[in-house]
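A structural walkthrough
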Amino acid sequence: MIEPLDFSIQLPPSQPPVTTTDQDPPLPMFLFVHPSQPPQQPPQQPFPPVNTNQDSDPKTKLTMSLYSTPPQQPPQLPLPPPHAPRRNRRKPSHAPREGKSPIIAPPFPWATDHRAQVHNLNYLTENQITTISGDVECKRCEKRYKIEYNLEQKYQQVSSYVAMHMHEFHDRAPKKWMSPTLPTCKFCHQENCVKPVMKKKKGINWLFLFLGELVGCCTLAQLKYFCKHTGNHRTGAKDRVLFLTYLELCKQVSPDRWTL
Ligand SMILES: [Zn+2]
């Protein structure tokens, strides 16, 4: 925005009055101030000598008087001081981003305070945690509800499958893990239709997914997150990372049985 500032110029008292015509109004001066530009510096050159003999041209006199008179105090301008700190872009006022501390609030009673780590069977049994539940959502009717698994029973089922068939896997997840059959919806009874609800990575319900053999519902990024925080290889295709995830969960739940 440009604001015209109006102030008149007084001629020095020593100078003879400028002869002007009657029609000449008082000389206004407009100082255009642009906020993005620094204030105009006064001319650094030495004052030109006042030539008192020169009395012919009033314009020349006016120019000379500008230099020879003490500078008028300019009106108070609403300008920032020349060295005012430039206003930086405001930093976002969000809380600082959560660090990648290995310690987290356990997202479930059966999860530890370490990322991607669940409690073992001894701990769970001692703490009377015998049922593992998880949120699911029907892809058809979109109802959300909880599914519960019996820990002991389901763990035996999955871990036995792994033990019996691991030599066939060649370090890669079988098809039934890669494309898991989803549960049937208890509301609309659509088969293969209820998917686990995925939250943030640190809140993934790993034990629930393991017991339901639904770990394959995770994305590759989620599986790599799991492997990263459990010290496993996390490169390669999804079937390889998924295999490692199942194996790691077998070990976490029953470290005595799985000493691989
Ligand atoms: Zn449904």
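You'll find the structure just up there.
All of these numbers come straight from a predicted model, not from anything done at the bench. All residue numbers here refer to positions counted from 1 along the written sequence of the relevant chain. For this predicted model, a pLDDT threshold of at least 70 governs which residues receive local features, and a threshold of 80 or more governs which side-chain atom pairs are given and counted, while totals over whole chains, interfaces and linings are taken from all residues.

**Observations concerning helix α3 (residues 151–169)**
Helix geometry: α3 is bent most strongly at A163, by close to 40°. The helix and strand labels rest on DSSP assignments: H or I over at least four residues marks a helix, E over at least two residues marks a strand, and numbering proceeds from the N terminus. A positive phi of about 55° marks H170, the residue just after α3. To get the bend at a residue, fit one axis to the 7 residues ending there and another to the 7 starting there, then take the angle between the axes.

**Some words on the packing of α3 against helix α7 (residues 238–253)**
All axes here are fitted lines through C-alpha atoms, helices being fitted over the stretch that makes contact, and every angle between N-to-C directions spans 0 to 180 degrees. Two elements in contact, α3 and α7, have axes separated by 11 Å at closest approach and are oriented at 135°. What the angle tells us is that α3 and α7 run oblique. In this structure, the crossing between α3 and α7 has a hand that is left-handed. Residues Y155, S159, V162 and F169 of α3 pack against F243, Y246, C250 and V253 of α7. A per-class count over the contact of α3 with α7 returns seven nonpolar, one polar and no charged. Any angle from 65 to 115 degrees is called roughly perpendicular, while one under 35 is roughly parallel, one over 145 is roughly antiparallel, and all others are oblique. Left-handed describes a crossing whose near helix is turned anticlockwise from the far helix through less than a right angle; right-handed describes the clockwise counterpart. Each residue gets a C-beta atom placed from its backbone, and two residues are in contact if those atoms lie within 7 Å. Any residue outside Ala, Val, Leu, Ile, Met, Phe, Trp, Tyr, Cys, Pro, Asp, Glu, Lys and Arg is labelled polar, Gly included; the first ten of those are nonpolar and the last four are charged.

**A word on the environment of N122**
If you trace the backbone, N122 turns up in helix α2 (residues 121–126). Along the chain, N122 and P255 lie 133 residues apart, while their C-alpha atoms are 9.9 Å from each other.

**Describing the sheet that holds strand β3 (residues 131–138)**
Two strands pair under a simple rule: DSSP has to find at least two bridges between them. Taken in spatial order, the three strands line up as β4-β3-β5 in an open sheet, and their pairing is antiparallel. Only two strands of the sheet have a single neighbouring strand rather than two, namely β4 (144–150) and β5 (194–196). Strand-to-strand, the axes of this sheet are offset by a mean angle of 45°, without reference to chain direction. By the bridge criterion, seven bridges tie β3 to β4 in an arrangement that is antiparallel. The partner of S133 across the bridge, within β4, is E148. The strands touched by α3 within the sheet are β3 and β4, with β4 carrying the most contacts at an inclination of about 75°.

**What to know about the pairing of β3**
With C-beta atoms placed from the backbone, the exposure class of a residue follows from how many other C-beta atoms lie within 10 Å of its own: 20 or more, buried; 12 or fewer, exposed; in between, partly exposed. Burial along β3 is one-sided: the face carrying I132, G134, V136 and C138 is buried and the face carrying T131, S133, D135 and E137 is not. Joining the antiparallel neighbours β3 and β4 is a turn of five residues, in which E142 adopts a positive phi near 65°. Where β3 meets β5, three bridges bridge the pair, whose relative direction is antiparallel. Each residue of the ladder has a partner; that of E137, found in β5, is K195.

**Some remarks on unusual backbone geometry**
Phi at A116 takes a positive value of approximately 60°, unusual for a residue other than glycine. The residue A116 is located in the loop between α1 (58–68) and α2 in this model. Here E142, not a glycine, exhibits a phi torsion of approximately 65°, which is positive. Note that E142 resides in the loop between β3 and β4. For E142, a count of 10 C-beta atoms within 10 Å gives the class exposed.

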